[in-house]
Amino acid sequence: MRKLFLFFLVAAIVLTGSLPTVTNAESFSKGKKHAFSKQLKAISKKTYRYFEDFTDEKTGLTYDAVRMKNGEKTVQDFTSPTNIGMYFMSTVSAEEIGIISRDEAVNRIQTTLETIEELETWNGLYYNWYFTKDGSLMTDWGEFISTVDNGWLSAGLIVAGQAYPELNDQTSELVEAMDYSKLYDPEVGQMRGGYDVTTQSVTEHHYGAFYTEPRLASYISIGKGDVPVEHWWKMYRTMPASWDWQSQVPDGYTKTYDGIDVFEGHYTYNDQKYVPSWGGSMFEALMPGLVLKEKELGQNALGLNNQKHVDIQIEYAKEELGYPAWGLSPAATPEDYSEFGATPLGMDGYSAEGAIVTPHASFLALEYAPKEVYKNLKTLKDFGTYGKYGFYDSVNVLTGEVTEAYLALDQGMSMVAIANYLEDGIIKEYFHEDDIGERPEDLLIKENFSIK
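It should be emphasised that the depicted structure is a prediction, and the values quoted were computed from it without experimental measurement. (Residues numbered from 1 in each chain as written. Predicted model: local features only at pLDDT ≥ 70, side-chain atom pairs only at ≥ 80, totals over all residues. Heavy atoms only, no water.)

1. With respect to the overall build of the protein chain
Turning to step 1, where the next piece is worked out: Scanning the protein chain for helices and strands turns up 17 helices and 22 strands.
Turning to step 2, where the next piece is worked out: A globule of 452 residues ought to have a C-alpha radius of gyration of about 22 Å, and the protein chain, at 21 Å, matches this closely.
Turning to step 3, where the next piece is worked out: On the principal axes, the C-alpha backbone points of the protein chain span a range of 65 × 55 × 40 Å.
Turning to step 4, where the next piece is worked out: Within the protein chain, the fraction of its 452 residues that count as buried is 60%. (Helix = DSSP H or I, 4+ residues; strand = E, 2+ residues; numbered from the N terminus. Rg over C-alpha atoms; globule rule 2.2 N^0.38 Å. Buried < 20%, exposed > 50% of the residue type's maximum accessible area, 1.4 Å probe, protein only.)

Written as structure tokens, this is what we have:
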């Protein structure tokens, strides 16, 4: 009887594309988990179709975004280092899930590698925007070298090189040439936001907040040996309590790691302690965990904090704001692109006004709240957010207005998160198999946030 039930359950998904209803988190049985895995694989197939249809065949560079409006398609035929890195990891993910063959994955990545080996760079680091048709610099928005974007390209190269050893010499050479020391400020112990090639100057601001997406670039910089280990401890878990502009006065204590005093501060929301991100968005919190073993190795710090951010994101959206779905993170809007977050989770929290929810936030939460993600995706589908290339980028959950756009970044985050969930953290495994990913692991293990 149980086998017959599972047969009809899976058949229903295949025929209707719908998720079976889950009445509460505790009813996430083995049968429903199996069905959810089948659904995720189907979603990933559609999601990867974006990279198949909107990656230039000659250069292997993926369009930044595609918008649909009134039956017409508008493409943004330029790309960034982050998009390239996400394309590499999405392609590895597609092969691991069984969407494409190994030969196709290698050929796709090889095409892109041959292009980026010829792109214009600065100290081995890549500019923010290149045209996909020929790899020429797009200068409309300036000529900028972004620390965080280069970090994601490095991550993609590392993962591709470990997944396909025949590419390892190429990927390793490119990563080795990326000199992050040029973006490091030894006096402050933090990374600069980037370098403006036109004015030949680094940004005035640093990436000082630890729990944001640039922590991946910091980890890689340390793993390469471009910057010292002390950099990890020089970033702020919260800003010092005396800095009264931040959204809460933090509690906490000072602890010493590797000879560096660190203020292990935290905020509190409804009796839950957590280390804040800058804006309170899901991808600041969880995007680095697509490649870093934060859940596995950072059980007293980053992994624990990731869980708290997911829990609070859900509670804030559903209980405080009364939204029917959750997932607050920067996303495309009908007019443009905007930053959204669960405001209390940020040092200077982004607004949650506008009721804009993005599906990529659900996928990022998969390893921390799969049952809640299961239900949330069904709710989002009911809003009409599921299209030819998977989920559209956002929906206003109060008006029902869907932003019919696909972003390479968000498609990539979704692909990698699904692969990690279905294939036992495979993308993280590849990253940590490389010496760059393995060397700093102790930084993840030894820290204790003040949030238990």
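2. Quick look at helix α15 (residues 426–433)
Turning to step 1, where the next piece is worked out: The element α15 is extensively covered by neighbouring structure, given that 6 of its 8 residues are classed as buried.
Turning to step 2, where the next piece is worked out: For α15, the complete set of buried residues consists of I426, I427, K428, Y430, F431 and H432.

3. Focus on the pattern of salt bridges
Turning to step 1, where the next piece is worked out: Evaluation of the coordinates by the stated rule reveals 13 salt bridges.
Turning to step 2, where the next piece is worked out: K224 is paired through a salt bridge with D226; the nearest N and O atoms lie 2.8 Å apart.
Turning to step 3, where the next piece is worked out: D226 sits in the buried class, given a relative accessible area of 18%.
Turning to step 4, where the next piece is worked out: Where K428 meets E296, a salt bridge forms, and the shortest distance between an N and an O atom there is 2.9 Å. In this pair, K428 sits in helix α15 while E296 sits in helix α10 (residues 294–297), placing the two residues 132 residues apart along the sequence.
Turning to step 5, where the next piece is worked out: Judged by relative accessible area, E296 falls into the partly exposed class, the value being 37%.
Turning to step 6, where the next piece is worked out: Each of D258, D442 and K446 takes part in a single network of salt bridges with overlapping partners. (Salt bridge = Lys/Arg side-chain N within 4 Å of Asp/Glu carboxyl O.)

4. With respect to the packing of helix α14 (residues 408–422) against α15
Turning to step 1, where the next piece is worked out: Packing of α14 against α15 brings their axes to within 6 Å, and their N-to-C directions diverge by 95°. In this view, α14 runs roughly perpendicular relative to α15, as classed from their interaxial angle. Seen from α14, the contacting residues are V416, A419 and N420; seen from α15, they are I426, I427 and K428.
Turning to step 2, where the next piece is worked out: Partitioning the contact of α14 with α15 into residue classes produces 4 nonpolar, 1 polar and 1 charged. (Axes fitted to C-alpha atoms, helices over the stretch in contact; angles between N-to-C directions. Parallel < 35°, antiparallel > 145°, perpendicular 65-115°, else oblique. Contact = heavy atoms within 4.5 Å. Nonpolar A, V, L, I, M, F, W, Y, C, P; charged D, E, K, R; others polar.)

5. Observations concerning the sheet that holds strand β10 (residues 194–196)
Turning to step 1, where the next piece is worked out: Here 3 strands make up an open sheet; going across it, the order is β7-β10-β11 and the pairing antiparallel. Looking at strand neighbours, the two that pair on one side only are β7 (144–146) and β11 (201–202), the edges of this open sheet.
Turning to step 2, where the next piece is worked out: As judged from the 3 bridges shared by β7 and β10, these two strands associate in the antiparallel manner. When the sheet's bridge partners are listed, S146 is paired in β10 with G194.
Turning to step 3, where the next piece is worked out: Where helix α5 (residues 147–163) meets the sheet, its contacts fall on β7 and β10, and the angle it forms with β7 comes to roughly 60°. (Pairing = 2+ DSSP bridges.)

6. Structural notes on the side chain of D393
Turning to step 1, where the next piece is worked out: Note that D393 resides in the loop between β19 (390–391) and β20 (394–396).
Turning to step 2, where the next piece is worked out: Within the structure, the side chain of D393 is placed 2.8 Å from the backbone nitrogen of A332, a separation counted as a polar contact. (Polar contact = N/O pair within 3.5 Å; in protein donor to acceptor, adjacent residues only side chain to side chain.)

7. Some words on the sheet that holds β20
Turning to step 1, where the next piece is worked out: Spatial strand order, β17-β20-β21: 3 strands in an open sheet with antiparallel pairing. The open sheet has two free edges, formed respectively by β17 (356–357) and β21 (402–403), since each of these has just one partner strand.
Turning to step 2, where the next piece is worked out: In this structure, β17 lies alongside β20, joined through 2 bridges in antiparallel fashion. Directly across from I356, in β20, lies its bridge partner N396.

8. A word on the environment of T132
Turning to step 1, where the next piece is worked out: Tracing the sequence through the fold places T132 in the loop between β6 (130–131) and β7.
Turning to step 2, where the next piece is worked out: Sequence separation between T132 and K45 is 87 residues, and the spatial gap between their C-alpha atoms is 23 Å.
Turning to step 3, where the next piece is worked out: The contacts of T132, once residues within four sequence positions are left out, are D56, T59, L61, T62, Y63, D77, F78 and T79.

9. Some thoughts on empty space enclosed by the protein
Empty space among the atoms becomes apparent when a probe as large as a water molecule is rolled across them.
Turning to step 1, where the next piece is worked out: Across all of its chains, the model carries 1 cavity of 30 Å³ or more by this definition.
Turning to step 2, where the next piece is worked out: In terms of lining, the largest cavity is formed by I43, T47, T358, P359, H360, F363, F391, Y392, D393, D410, Q411 and S414.
Turning to step 3, where the next piece is worked out: Every element with two or more residues in the lining of the largest cavity is listed here: α2 (30–53), α12 (359–364) and α14.
Turning to step 4, where the next piece is worked out: Taken together, the residues that form the lining of the largest cavity break down as 5 nonpolar, 5 polar and 2 charged. (1 Å grid on protein atoms, 1.4 Å probe; cavity = no way out; pocket = protein on both sides within 12 Å on 5 of 7 lines; lining within 4 Å. Points joined across faces, edges and corners; volume = space filled by probe spheres on them.)

10. Re the packing of α5 against helix α7 (residues 215–224)
For any two helices packed against each other, the geometry comes down to the angle between their axes and how far apart the axes lie.
Turning to step 1, where the next piece is worked out: Interhelical geometry of α5 versus α7 gives an angle of 60° and a closest axis separation of 8 Å. For the element pair α5 / α7, the angle class is oblique. With respect to the hand of their crossing, α5 and α7 are arranged in left-handed fashion. In contact with T147, G151, W152, S154 and A155 of α5, α7 contributes L216, A217 and I220.
Turning to step 2, where the next piece is worked out: Of the residues belonging to the contact of α5 with α7, the class tally is 5 nonpolar, 3 polar and no charged. (Left-handed = near helix turned anticlockwise from the far one by under 90°.)

11. Re the layout of surface pockets
Turning to step 1, where the next piece is worked out: The calculated volume of the largest pocket comes to roughly 1000 Å³.
Turning to step 2, where the next piece is worked out: Taken together, 40 residues make up the lining of the largest pocket; nearest its centre are D149, E213, F283, Y337 and E339.
Turning to step 3, where the next piece is worked out: Listing elements by their share of the lining of the largest pocket, those giving two or more residues are β1 (65–69), α3 (81–97), α5, α9 (282–286), β16 (337–338) and α14.
Turning to step 4, where the next piece is worked out: Per element, the largest residue contribution to the lining of the largest pocket is 3 residues, and it comes from α5.
Turning to step 5, where the next piece is worked out: The class makeup of the residues in the lining of the largest pocket is 23 nonpolar, 10 polar and 7 charged.

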